[in-house]
Amino acid sequence: MVLYEQQKSLPKEYIQRKIKEFMEEDMPAGDITTIGTVKDSQTVTAIIEAQQDLVFAGELVIPTFFEGDKFKVEMIAKDGDALKNGDLIAKVTGPADEILTLERPMLNLIQRLCGIATQTAKYVAIAKPHNVHILDTRKTTPGLRLFEKYAVACGGGTNHRLDLSAGILIKDNHIAAAGSVGDAVRSAKAKFPDKIVEVEVENFKQIVEAYTAGADAFLLDNMNPETTVQAVELIRETDSGKDLFIESSGGITYETLPGYVTTGVNAISIGALTHSVKAADIHVEFE
């Protein structure tokens, strides 16, 4: 069961716009080292290769960094490929000065995306046999959310809502501001009748109140596996319970994940997929 549109691709215009931002940040007055040392006419072939085992994400990104007739890009890896240390990702042939200038911003982005995809795949390997989705969150790097959601998808994960406009997720502070769980749910459904209303609940009382008010989905927040099983049973026993979406969230780690995948939830959201990921080790070298 998937609630939201999945980020299986990236708009080319988006990638191009972001690359322009990255290059303006990295060379506001030109790449003076390259200008000072490299001949304009020099052509090289750059090898991009994995320096560790990883899951690749960036098949659409690398060619967009090296666009135009002056470049020849040979993509070897595809999104979602499991690569070994030393495997080739791509070859880029073109002007040495331009490849040198573009190298670091390209690597910064690709290494982060592959780090996210690699970490996501590890969580998915535990959850998939139990038909449980691993969800990302909005705990993303400002300005990179679309890239990072895409990387989660490349790693086999499932995208939760992209942004605050994409879906309704009522959390504890919304409930406090609205007055109660029931008031928050009824208000949201009245104002946005075509949207799925998901509610973060912390106890059984809130579950009953949310269901009675018409909630469509539940986020079980900071419940241990034993309590999660009881909460799932409570929801599933309601008239429409079999069709309701249930996710677990709140401090679930790679080590504690096995205890949650057998609780009966549809999904488990993991902020660590994006907010504390280690960049993958990827190398560029001239032939």
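Residues numbered from 1 in each chain as written. Predicted model: local features only at pLDDT ≥ 70, side-chain atom pairs only at ≥ 80, totals over all residues. Heavy atoms only, no water.

Visitor: I would appreciate a short explanation of the environment of Gly-182 in the present structure.
Guide: Within the fold, Gly-182 resides in helix 7 (residues 181-191). Exposure remark for Gly-182: the relative accessible area of 1% places this residue in the buried category. Between the alpha carbons of Gly-182 and Ile-207 there is a distance of 9.9 Å; along the sequence they are 25 residues apart. Here Gly-182 is in contact with Glu-209 and Ala-213, once residues within four sequence places are set aside. (Helix = DSSP H or I, 4+ residues; strand = E, 2+ residues; numbered from the N terminus. Buried < 20%, exposed > 50% of the residue type's maximum accessible area, 1.4 Å probe, protein only. Contact = heavy atoms within 4.5 Å.)

Visitor: I keep staring at the packing of aromatic side chains and nothing clicks. Help me out?
Guide: What describes a pair of aromatic rings is the distance from one ring centre to the other and the angle between the planes of the rings. Within this structure, the stated rule accounts for three aromatic pairs. With a centroid separation of 5.5 Å and 70° between ring planes, the pair formed by Phe-66 and Phe-71 is classed as edge-to-face. Neither Phe-66 nor Phe-71 differs from the other in exposure class; each is buried. (Phe/Tyr/Trp six-rings, centres within 6.5 Å; stacked < 30°, edge-to-face > 60°.)

Visitor: Looking at this model, I keep getting lost on the side chain of Ser-180. Mind explaining?
Guide: Mapped onto the elements, Ser-180 comes out in the loop between helix 6 (172-178) and helix 7. Classification of Ser-180 as buried rests on a relative accessible area of 18%. Setting aside anything within four residues of it in sequence, one finds Ser-180 in contact with Ile-175 and Glu-209.

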